[in-house]
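Fold and contact review
Listed below are the residues making up each chain.
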Amino acid sequence: MISQAQQMTYRLSNLDTQQQKISYQMSSKKELQYGSDDSVLYARIVSVDDKIRTYEGLQSQIERTTLQNDTSDSSLSEIKKILDFVKKELLKANTSTTTADGIAAIASNISGIKENIYQLANTQVEGEYLFSGSDSSIQPFEKDATTGKVTYKGDNQLRKIAVEEDSYRDKGVTGFDMMMYPSST
């Protein structure tokens, strides 16, 4: 009789343990409470969770890069419009009908436009300069306070973005590529 009571107590204890596991699984939506419950399954779960976090990080980087690329495109488009306007103004200044006062007004206008281009070339998104090259913490273009001469302080190396595990692509455009051209042009 004692052995039957012990067997029933043992079986009830096992059922109670199983019920606790099922209750945990139902409430937490997790299959395992402890890694020791099923070490093979636990290793798979950890591996999948790691992959999920990796791809979430990649997705976040790609979303950030998309924002930066959109801003770069917008800035470059605006610079192109400004340069087209400057070209038209220079054509106006080059005609024989433009007076000295008209040429002075065009020169003053272009001087103000130069500042707009300077600001666009130093565009920042989330604290990163878009056109500085590999080090986005460096302001790409700096203006000498006395002469007004603008120099490029960045480099001509593009930054890299992870697009998959151990796979990287170039991102953005450098200020060198954006504002410089060969003398043959």
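Given the structure is predicted, the values throughout are model-derived calculations rather than measurements.

Core analysis: the largest hydrophobic core is formed by 14 residues, its most contacted members being Ile82, Ile113, Phe141 and Met178. Every element with two or more residues in this core is listed here: helix 2 (39–93) and helix 3 (100–121). With five residues, the top contributor of residues to this core is helix 3. In this structure Met178 touches Leu76, Ile79, Ala121, Phe131, Phe141 and Val173, once residues within four positions along its chain are discounted.

Quick look at the confidence of the model for the chain now. Residue-level pLDDT values for the chain average 84, and 90% of them are 70 or greater. Element-level pLDDT for the chain is lowest in helix 1 (residues 2–28), with a mean of 74, against a maximum mean of 93 in strand 3 (residues 141–143).

Its identity as a non-glycine residue notwithstanding, Glu126 has a phi of 50°, on the positive side. Following the sequence through the fold, Glu126 ends up in the loop between strand 1 (124–125) and strand 2 (128–129). Phi at Asp166 is positive, roughly 60°, even though this residue is not glycine. Inspection of the secondary structure puts Asp166 in the loop between strand 5 (159–164) and strand 6 (167–171). Under the relative-accessibility criterion, Asp166 is labelled exposed at 73%.

This part takes up the pattern of salt bridges. Applying the stated criterion across every chain, the model contains eight salt bridges. The closest approach of N and O atoms between Arg64 and Glu126, which form a salt bridge, is 2.7 Å. In this pair, Arg64 sits in helix 2 while Glu126 sits in the loop between strand 1 and strand 2, placing the two residues 62 residues apart along the sequence.

Our focus in this paragraph is the packing of aromatic side chains. What the rule picks out here adds up to two aromatic pairs. Between the aromatic rings of Phe141 and Tyr152, the centroid separation amounts to 5.1 Å while the plane-to-plane angle is 50°, which identifies the pairing as tilted. Of this pair, Phe141 sits in strand 3 while Tyr152 is found in strand 4 (residues 150–152), placing the two residues 11 residues apart along the sequence. Exposure class is identical for Phe141 and Tyr152. Each is buried. Summarising the aromatic geometry, the rings of Tyr152 and Phe176 are spaced 6.5 Å apart at their centres and angled 40° between planes, so their arrangement reads as tilted.

We now examine helix 3. Taking 1.5 Å per residue as the helical rise, helix 3 with its 22 residues ought to reach 32 Å, and the 31 Å between its terminal C-alpha atoms agrees with that figure. Looking at helix 3, one finds that the buried residues are Ile106, Ile113, Ile117, Tyr118, Leu120 and Ala121. Along helix 3, the residues classed as buried sweep out an arc of 150° about the axis, all on the same side. Buried residues in helix 3 make contact with helix 2, strand 3, strand 4 and helix 4 (175–179).

As paired elements, strand 5 and strand 6 share five bridges and run antiparallel to each other. Bridged to Glu164 within strand 6 is Ser167. In sequence, strand 5 turns back onto strand 6 through a hairpin of two residues, with Asp166 there showing a positive phi of about 60°.

Within the secondary structure, Ser72 sits in helix 2. Residues in contact with Ser72, not counting those within four places in the same chain, are Leu130 and Phe131.

What follows deals with the packing of helix 2 against helix 3. Contact geometry for helix 2 and helix 3: axes closest at 10 Å, N-to-C directions at 165°. What the angle tells us is that helix 2 and helix 3 run roughly antiparallel. By crossing handedness, the relation of helix 2 to helix 3 is classed as left-handed. Between helix 2 and helix 3, the contacting residues are Ser75, Glu78, Ile79, Ile82, Leu83, Phe85, Val86, Glu89, Leu90, Lys92 and Ala93 on the first element and Ile103, Ile106, Asn109, Ile110, Ile113, Asn116, Ile117, Leu120 and Ala121 on the second.

Parameters and conventions
- Residues numbered from 1 in each chain as written.
- Predicted model: local features only at pLDDT ≥ 70, side-chain atom pairs only at ≥ 80, totals over all residues.
- Heavy atoms only, no water.
- Core = buried A, V, L, I, M, F, W, Y, C linked by side-chain atoms within 4.5 Å.
- Buried < 20%, exposed > 50% of the residue type's maximum accessible area, 1.4 Å probe, protein only.
- Helix = DSSP H or I, 4+ residues; strand = E, 2+ residues; numbered from the N terminus.
- Contact = heavy atoms within 4.5 Å.
- pLDDT = per-residue confidence, 0-100.
- Salt bridge = Lys/Arg side-chain N within 4 Å of Asp/Glu carboxyl O.
- Phe/Tyr/Trp six-rings, centres within 6.5 Å; stacked < 30°, edge-to-face > 60°.
- Expected span 1.5 Å × (residues − 1).
- Arc of directions from axis to C-beta.
- Pairing = 2+ DSSP bridges.
- Axes fitted to C-alpha atoms, helices over the stretch in contact; angles between N-to-C directions.
- Parallel < 35°, antiparallel > 145°, perpendicular 65-115°, else oblique.
- Left-handed = near helix turned anticlockwise from the far one by under 90°.

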